[in-house]
Amino acid sequence: MAESDPPEGAVAEGDAAEGDGSAKQLSEAEAELAAQRVERERIARRKAEKQAAIDSGAKLSGKAADLLAAVRAVESGRQPSATVFADPEPAPRPAVPAPVRPARPEQAAVAAPAPAAVDSVRQVLGEGGAPDTLAPQVAAALGEDAARRLREDPWLLLRVGGVRPEQADGFARALLGAACAPDDERRGRSFTGWLLEQAAVAGHTVLEMPALIAALGRQAVPDPEAAVQSAVAEAEALVFEDALDPTAPVPEPRAQPSGAGDAEPTDDAEDEPVERPVRVLVGLERYALAEESLAEGVARLINSVPKEDGSAEWERAADSARGSAAELLRAVRTGGLVLHTGGEASSVEAATLLRTAAGAGLRAWAATHGADGRDRFAAVLDASGGTEDGTIGGRGAGGSGTERPGAAGAEGPRAGGLAPVATLAGLLSGAEGPGRDAEGALDLDLLVVLDAPQLDVEEAALLVESLPDGARLVLAGDPGVLWSAGPGRVFADLLAARVCPQIASRVPDPGPLGELVSGIGVGELNQVEAPGKEVVIVPVRDAGEAVHRAVQLVADSVPRAIGVPAEQTQVITPGHGGAVGTRVLNAALKERLNPGPGRFGGFDPGDRVAYSPAPGRTLTGQVVRADAEGLHLRCAGAAVLVPKERVEQTVRHGWAVTAHQAAGARWPAVVVVLPGDAAQALSRPWVYTAFGRAERHLSVVHGVEQALARAVAEVQAKPRTTRLPALLAPQLPTTTG
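Remember, it's a predicted structure, so these values are computed and weren't measured experimentally.

## Observations regarding the overall build of the chain
The helix and strand tally for the chain stands at 26 helices and 19 strands. Within the chain, the fraction of its 737 residues that count as buried is 52%. Considering only intrachain contacts with a sequence separation of at least 6, the fraction spanning at least 24 residues in the chain is 74%. Element-wise, carbon and sulfur atoms account for 51% of the exposed surface of the chain, whose accessible area totals about 31,600 Å².

## Topic: the pairing of strand S7 (residues 446-449)
Neither face of S7 is exposed, since Leu-446 and Val-448 on one face and Leu-447 and Val-449 on the opposite face are all buried. Bridge analysis of strand S5 (residues 364-368) against S7 gives four bridges, and the strand direction is parallel. Note that in S7 the partner of Ala-366 across the bridge is Val-448. Two strands pair when backbone bridges link them, and S7 and strand S8 (residues 472-477) are joined in this way by four bridges, in the parallel orientation. The partner of Leu-447 across the bridge, within S8, is Leu-473.

## Some points on the sheet that holds strand S19 (residues 694-702)
On the basis of which strands lie adjacent, the open sheet formed by five strands has the order S10-S19-S18-S11-S17 and parallel pairing. Edge positions in the sheet fall to strand S10 (535-539) and strand S17 (656-657), since each has one partner strand and no second. Relative to S19, S10 is paired through five bridges, and the arrangement is parallel. Bridge pairing links Ile-537 to Val-700 in S19.

## Regarding the nonpolar core
With 81 residues, the main nonpolar core has Leu-125, Leu-150, Leu-447, Leu-473 and Leu-475 as its most contacted residues. Aside from chain neighbours lying at most four places away, what touches Leu-475 is Leu-337, Val-338, Leu-339, His-340, Val-449, Ala-452, Leu-455, Leu-463, Phe-491 and Leu-494.

## Description of the environment of Leu-238
With respect to the helices and strands, Leu-238 occurs in strand S2 (residues 238-243). In sequence terms Leu-238 and Val-206 are 32 residues apart; their C-alpha atoms lie 9.3 Å from each other. In this structure, Leu-238 is in contact with Leu-281, Val-282, Gly-283, Glu-285 and Ala-288, ignoring residues within four places of it in sequence.

## Observations regarding the pattern of salt bridges
Once the charged atoms of two side chains with opposite charge are near each other, the side chains can pair. Within this structure, the stated rule accounts for 30 salt bridges. Its salt-bridge partner being Glu-185, residue Arg-189 comes within 3.3 Å of it at the nearest N-O pair. Of this pair, Arg-189 and Glu-185 both sit in helix H8 (residues 185-201), four residues apart, which is roughly one turn of that helix. By relative accessible area, which is 13% here, Arg-189 ends up buried. Glu-327 is the partner of Arg-506 in a salt bridge, and the nearest nitrogen-oxygen pair spans 2.9 Å. Taken together, the residues span a long stretch of sequence, with Arg-506 in the loop between strand S9 (502-504) and helix H19 (511-521) and Glu-327 in helix H13 (residues 323-334) at a distance of 179 residues. Bridged by salt links that share partners, the residues Lys-590, Arg-599, Asp-604 and Asp-607 form one connected network.

## Overview of helix H14 (residues 347-359)
Spanning 13 residues, H14 covers 18 Å between terminal C-alpha atoms, matching the ideal 18 Å at 1.5 Å per step. A large share of H14 lies buried, amounting to 11 of its 13 residues. The set of residues buried in H14 consists of Ser-347, Val-348, Glu-349, Ala-350, Ala-351, Thr-352, Leu-353, Leu-354, Thr-356, Ala-357 and Ala-358. Looking at the residues trailing H14, positive phi occurs at Gly-361, about 90 degrees.

## A look at the confidence of the model for the chain
Averaged over all residues, the pLDDT of the chain is 82; the fraction at 70 or higher stands at 75%. Ignoring residues within four places in sequence, the model shows residues 88-110, a span with pLDDT below 50, making 61 contacts including any to other chains. Segment residues 404-417 is flagged for pLDDT under 50; beyond a separation of four residues in sequence, or across chains, it makes 31 contacts in the model.

## Quick notes on the sheet that holds strand S14 (residues 630-635)
With antiparallel pairing, the five strands of this open sheet are ordered in space as S15-S14-S13-S12-S16. Because the sheet does not close on itself, it has two edges, and the strands there are strand S15 (638-643) and strand S16 (651-653). Ignoring which end each strand starts from, the neighbouring axes of this sheet average 40 degrees apart.

## Comments concerning the packing of aromatic side chains
Tallied over the entire structure, the rule returns zero aromatic pairs. Arg-187 extends its terminal NZ or CZ atom over the ring of Phe-191, reaching a point 4.4 Å from the ring centre. Positioned above the aromatic ring of Phe-240 is the side chain of Arg-723, whose terminal nitrogen or guanidinium carbon lies 3.9 Å from the ring centre.

## A closer look at helix H21 (residues 582-593)
If you check H21, its first and last C-alpha atoms are 15 Å apart, about what 12 residues at 1.5 Å a residue would give, namely 16 Å. Within H21 the residues assigned to the buried category are Thr-582, Val-584, Leu-585, Asn-586, Ala-587, Ala-588, Leu-589 and Lys-590.

## Focus on the packing of H8 against helix H9 (residues 209-218)
Working note: a packed helix pair is described by the angle between its axes plus the distance between those axes. Where H8 contacts H9, the axes come no closer than 10 Å and their chain directions differ by 120 degrees. On the basis of their axis angle, the class for H8 and H9 is oblique. The crossing of H8 and H9 is right-handed. Along the contact surface, H8 presents Gly-188, Phe-191, Thr-192, Leu-195 and Leu-196, while H9 presents Leu-212, Ala-215 and Leu-216. Split by residue class, the contact of H8 with H9 holds six nonpolar, two polar and no charged.

## Considerations on the packing of H14 against helix H15 (residues 371-384)
Between H14 and H15, the shortest axis-to-axis distance is 9 Å and the interhelical angle comes to 70 degrees. By the angle class used here, H14 and H15 are roughly perpendicular. Like other packed secondary-structure pairs, H14 and H15 cross with a definite hand, here right-handed. Within the contact between the two elements, H14 uses Ser-347, Val-348, Ala-350, Ala-351, Leu-354 and Arg-355 and H15 uses Phe-377, Val-380, Leu-381, Asp-382 and Ser-384. Split by residue class, the contact of H14 with H15 holds seven nonpolar, two polar and two charged.

## Details of the environment of Gly-601
Structurally, Gly-601 can be placed in the loop between H21 and strand S12 (608-614). With 43 residues separating them in the primary sequence, Gly-601 and Lys-644 have C-alpha atoms 8.6 Å apart.

Conventions and cut-offs
- Residues numbered from 1 in each chain as written.
- Predicted model: local features only at pLDDT ≥ 70, side-chain atom pairs only at ≥ 80, totals over all residues.
- Heavy atoms only, no water.
- Helix = DSSP H or I, 4+ residues; strand = E, 2+ residues; numbered from the N terminus.
- Buried < 20%, exposed > 50% of the residue type's maximum accessible area, 1.4 Å probe, protein only.
- Contact = heavy atoms within 4.5 Å.
- Areas by Shrake-Rupley, 256 points an atom, 1.4 Å probe, with all protein chains shown as cover.
- Pairing = 2+ DSSP bridges.
- Core = buried A, V, L, I, M, F, W, Y, C linked by side-chain atoms within 4.5 Å.
- Salt bridge = Lys/Arg side-chain N within 4 Å of Asp/Glu carboxyl O.
- Expected span 1.5 Å × (residues − 1).
- pLDDT = per-residue confidence, 0-100.
- Axes fitted to C-alpha atoms, helices over the stretch in contact; angles between N-to-C directions.
- Phe/Tyr/Trp six-rings, centres within 6.5 Å; stacked < 30°, edge-to-face > 60°.
- Lys NZ or Arg CZ within 6 Å of the ring centre and 35° of its normal.
- Parallel < 35°, antiparallel > 145°, perpendicular 65-115°, else oblique.
- Left-handed = near helix turned anticlockwise from the far one by under 90°.
- Nonpolar A, V, L, I, M, F, W, Y, C, P; charged D, E, K, R; others polar.

Structure, rendered in structure tokens:
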């Protein structure tokens, strides 16, 4: 892939001349479009003030208005809940909203707080100068006794997502007056919990003590060590001591020196224990319990004896398969947990495994991160036919034309015309898949989880807890993609721990796109031959031109030159904010592809949307209509109703998404937009994930010059602090396979 002008015959070939002759006009047009967009948003907000019940805080001013805006920004995903443990984002351009991180993980659904509790909280918020519209969230976070707790400890306001430390300090000063001080023990405890929550947003399950102490110091906590001790004493945080090298033997005590004879024993002469080097970690109970439960579940799977059915047929299938497909079959036959690594094409080996297991009489199912992956793998199962050599006639990466998975029981793949494939969320909730047995475990013998790098620690713990004794689990995925949106790096930790068989697929991703992405995976940004315009580079000079080119590619160039319609082309960009973030791109794409006033909370029928029912899961779809119940969508062929009060928090326009939102899905054509100010946000996993979402065609709107090649070659995944390897080490021996 070249980082210069588009190759001859490329999509942007005929468009370059147009751009060179009208740069000034384009800049003016962008400015006018932005002005019109701001005016439409202002009008929409005024209309919403008259209709939406939650807008009572819109007339607030000063600190109260800032606090309400911060909370709403996090709830809607427009701003990050924190950037304390994130790398600095690129500096935003003037008059452009700041970049944001993905929203923090949602808590489990809880009952709505009692009206009386909400009213009491509202009164306390008013006394402290905070917007009373936060009352339901505060009451839900603190319980029915929320008003008393908040009055006694105003810094508990930090339990509401989006509230920043300086805002909680201001609220505390208003309530406590002269009694409010920086060294208040309550302040230190709340800041400790808040920092640990922000660490989880950044992917950590725990923090090393020095990192937490330093972060507390940056928040002007006078005695950080005392703050952590207070949080631990109140059970608001847990402390762990993990060996620096979990695999190292425990040191023997120092023996009494020889020749001591009958000398009187002294303290120095007695056996002295040798301290094992450890690191001190601090974490929230929620993630600590999940990680410990996951480690125990993994050990149970590995140490249990897998169910044996049809062993002769299983062995025949393994003998007739070739290469890594045969290795996978043999490993799964005898192992309770197997890790399977590879790119998109490696899914054919998972399909072979699923068919072999079903033929051997096992109840075999597969689960994917999202509906798009579910439908793609169902198509792979169909296309693989009866082959057992790890190859299929076609890639089977088409759209969502298969039926939605249902309960196929023990009859195996395609029983009753339904593929044994579910989304992981649907499988765990019972909405999809085989259901549960009398003991509450999933009613299956083999589960293949694709997109395994997207598993966060809580989801992975729930998964292994749901498997019955004797079940086999295969975690399959591409280790080069971005890690989960939630805390943990489960797949990477298991690979590093080497506690179970690991099978690396040798089925290559085909074509120029496969060659390009494979090179990125090993740190090389190669130029590839693309005779069918599979890869096109569109250089741009500034943000305005990048937006113009992206819209032009989606609406005109790709449909005309590649034959992929706009509705099957996905735009991917590094962040939501910035001059070329998802918000700006979506506004421009809506203006071109589906203009409208945004009558329903900013949306119109026909708008393309990204719906996030839970953090880390994004469904792309289309607005069908809106009514008193809420916004009606169609996502992955299924009807979805988003209640009115949840629209602002969970639905965005979806012509453009981030790479994290796109993970686990693929589209016939992808346009990756890399503006000049995105250089700091790029890394090898980001580029690998974004470029790998394309099935037939990839256009790169390129404005970062050499920063792209540098990111691919040098910038690895951001480290995450977790405990899973240390928890696994004493329970399981390491393996070499």
